[in-house]
Each structure stands twice: as C-alpha cells, then as structure tokens.
Amino acid sequence: MSFTIAIDGPAASGKGTIARALARHFGFAHLDTGLLYRAVGVKGGDPVQVAQSLTPEDLARDDLRSAAAGQAASQVAAIPEVRAALVAFQRQFARSGPGAVLDGRDIGTVICPEAEAKIYVVADDEVRARRRAAELGMDEATVLRELRERDARDAARDTAPMRAAADATVLDTSAMTIDEAVAQAIALVQQRIQR
Ligand code: C5P
C-alpha cells in the first residue's frame, strides 16, 4: 500500500511549502511537478522532444525558479504532447514508496485522481504577489501581473487545466502564517490516514 497526497493550486499559493512540510512530517517522498515543466520551458528546442527525454541534469539547473522559467513553463504546459510525456514519470513517483507528496496543477484531477488526500491551496492575488516578489526580489506590481497571466493560461488550457478536484479540500492561506497553513494541512492528511 502506498499513500499519495495531491497538492494543487495557483502560483505562489504556498503549495510548495506545504508539500515539503507534509513530506518531512510523514516521511514521504516529494515531487515538485512544476519543475518538470520549468525544465522543459527553459531548455529550448522542440518542447515535445525535450519532455520525452528530460534528464536529471535538466531538473538540477539553477535557473528553474526564476519568473522567466515560470512563464516559459506555463507556455509549454499547454501542449498536450508535453503533458502526455510527463504523466508516467509522475504516476510512478506517486506509487514508488510507502508515501508520496506531489504538488502541481493537475495532480488531484489527472495525474493521481485516486490520491488518498487532496488539498487545493489558494490565496488572494495580492498576497501571492507579495510573497513571490519578496522571494524573487522583484517589483510587486510586475509579479502580480505575471501571476495573473500565468493563472489565466493554466486555468483556460484544454488539457488538464488548473482546477480543484471535486473531492479536494480547499485551503485558503491568505491570512495564515506558514506554520498555521502547515498545521492545517497536516491535520487534514492525518484525518485521511486514520480513515
Ligand atoms: O508550480 P510552478 O509555478 O513551478 O509551475 C510552473 C508552471 O508549470 C505552471 O504555471 C503551470 O503552467 C505548469 N504546471 C502544470 N502542471 C503541473 C505543475 C506545473 O501545468 N502539475
């Protein structure tokens, strides 16, 4: 038996922080699936071919967290063949050990619809922009515009659009500290484990 935790939500909602904390707390493996799309986006060339032959080195590049990489990721992520090329790796990761946490946009809906626990993390646009601007050392207004652009593209695409699964619990972190959000997520997962 393996236990899969699916964490989805828009950019800078806090899902990465929550996913890492859950993995640490429960001793599970963690996959930040956004990195796969970022790696495809920054590598250049034919995105479908790049997605079909991604290497561990591609995922270890130190420029994957930049705002430019986020925008590039969101563009290649709308290509159905790119998404298809990355499905098997994510599903294998989800079931390869006793437990795994995957965070992204379509984990609870497409990659792991059978996940034992699903959380959809949201936060107000301005709060997300403030957090991300501080993290990247960028201007808040620019970050806000880019986040909204990326969310709109991610939510509007035909293949695996960003949305909450019907059975996901929505966690709004707008007014929460990191510790509060993590504590709530742990409590939610704990309830599922005990079922
Ligand atoms: O989560 P992160 O901001 O790193 O994701 C970068 C981009 O990758 C997202 O804006 C989205 O377009 C894409 N993505 C996706 N599906 C996922 C994870 C990320 O489409 N599961």
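Turning to the overall build of the chain, a few remarks are in order. Across its full length, the chain holds ten helices and five strands. By the compact-globule yardstick of 16 Å for 195 residues, the chain fits well, its C-alpha radius of gyration being 16 Å. If one aligns the C-alpha atoms of the chain with their principal axes, the spans along those axes are about 45 × 35 × 30 Å. A total of 195 residues make up the chain; the buried ones form 49% of that total. Counting contacts in the chain only where the partners sit at least 6 residues apart, residues at least 24 apart contribute 75% of the total. Of the roughly 9300 Å² of accessible surface on the chain, a fraction of 53% belongs to carbon and sulfur atoms. Side chains of the chain carry 24 positive and 27 negative charges; the gap between the two charge centres is 2 Å.

Near the ligand lie 15 residues; those nearest to it are R38, R83, R105, R150 and D154. Contact distances for the ligand include 2.9 Å between a nitrogen atom and a side-chain N or O atom of T33. Burial of the ligand by the protein chains amounts to 97% of its free accessible area of 450 Å². Every element with two or more residues in the shell around the ligand is listed here: α2 (34–43), α5 (67–76) and α9 (140–156). Top contributing element to the shell around the ligand by residue count: α2, with three residues. Residue composition of the shell around the ligand, grouped by class: three nonpolar, four polar and eight charged.

Bringing the pattern of salt bridges into the picture now. This structure, assessed with the given rule, holds 14 salt bridges. With a shortest N-O distance of 2.9 Å, D106 and R83 are connected by a salt bridge. Here the residue D106 occupies a position in the loop between β3 (99–104) and α7 (107–111), and R83 occupies one in helix α6 (residues 80–94), the gap between them amounting to 23 residues. Accessibility expressed as a relative area gives 4% for R83, which makes it buried. The residue R105 makes a salt bridge to D154 at a minimum N-O spacing of 3.5 Å. Placement of the pair is R105 in the loop between β3 and α7 and D154 in helix α9, with a sequence separation of 49 residues. The exposure classification of R105 matches that of D154, with both residues buried.

This paragraph deals with the packing of aromatic side chains. Tallied over the full model, the rule gives two aromatic pairs. Members of the aromatic cluster, connected to one another through ring pairs, are F3, F26 and F28.

By the element assignment, R128 lies in helix α8 (residues 125–136). Assessed through its relative accessible area of 3%, R128 is described here as buried. Only 2.6 Å separates the side chain of R128 from the backbone oxygen of A11, close enough to count as a polar contact. Beyond its immediate stretch of four places on either side in the chain, R128 contacts P10, A11, A12, S13, A123, L147 and D151.

Moving on, we get to the environment of A84. Positionally, A84 belongs in helix α6. Considered as a pair, A84 and Q52 are 32 residues apart in the sequence and their alpha carbons are 9.0 Å apart.

The next thing to look at is helix α10 (residues 178–194). Helix length check: α10, at 17 residues, gives a terminal C-alpha distance of 24 Å against a target of 24 Å (1.5 Å per residue), a fit within 8%. Within α10, burial applies to A181, V182, A185, I186, L188 and V189. For α10, the arc enclosing every buried residue in end-on projection is 165°, short of the 170-degree limit, so these residues lie on one face. Across from the buried face of α10, at angles greater than 90 degrees, the exposed residues are D179 and Q194. If you follow the buried residues of α10, they end up packed against β1 (3–8), α1 (15–26), β4 (117–122) and β5 (169–172).

Definitions and cut-offs
- Residues numbered from 1 in each chain as written.
- Predicted model: local features only at pLDDT ≥ 70, side-chain atom pairs only at ≥ 80, totals over all residues.
- Heavy atoms only, no water.
- Helix = DSSP H or I, 4+ residues; strand = E, 2+ residues; numbered from the N terminus.
- Rg over C-alpha atoms; globule rule 2.2 N^0.38 Å.
- Buried < 20%, exposed > 50% of the residue type's maximum accessible area, 1.4 Å probe, protein only.
- Contact = heavy atoms within 4.5 Å.
- Areas by Shrake-Rupley, 256 points an atom, 1.4 Å probe, with all protein chains shown as cover.
- Lys, Arg positive; Asp, Glu negative; His and termini not counted.
- Charge placed at Lys NZ, Arg CZ, Asp CG, Glu CD.
- Near = heavy atom within 4 Å.
- Polar contact = N/O pair within 3.5 Å; in protein donor to acceptor, adjacent residues only side chain to side chain.
- Nonpolar A, V, L, I, M, F, W, Y, C, P; charged D, E, K, R; others polar.
- Salt bridge = Lys/Arg side-chain N within 4 Å of Asp/Glu carboxyl O.
- Phe/Tyr/Trp six-rings, centres within 6.5 Å; stacked < 30°, edge-to-face > 60°.
- Expected span 1.5 Å × (residues − 1).
- Arc of directions from axis to C-beta.

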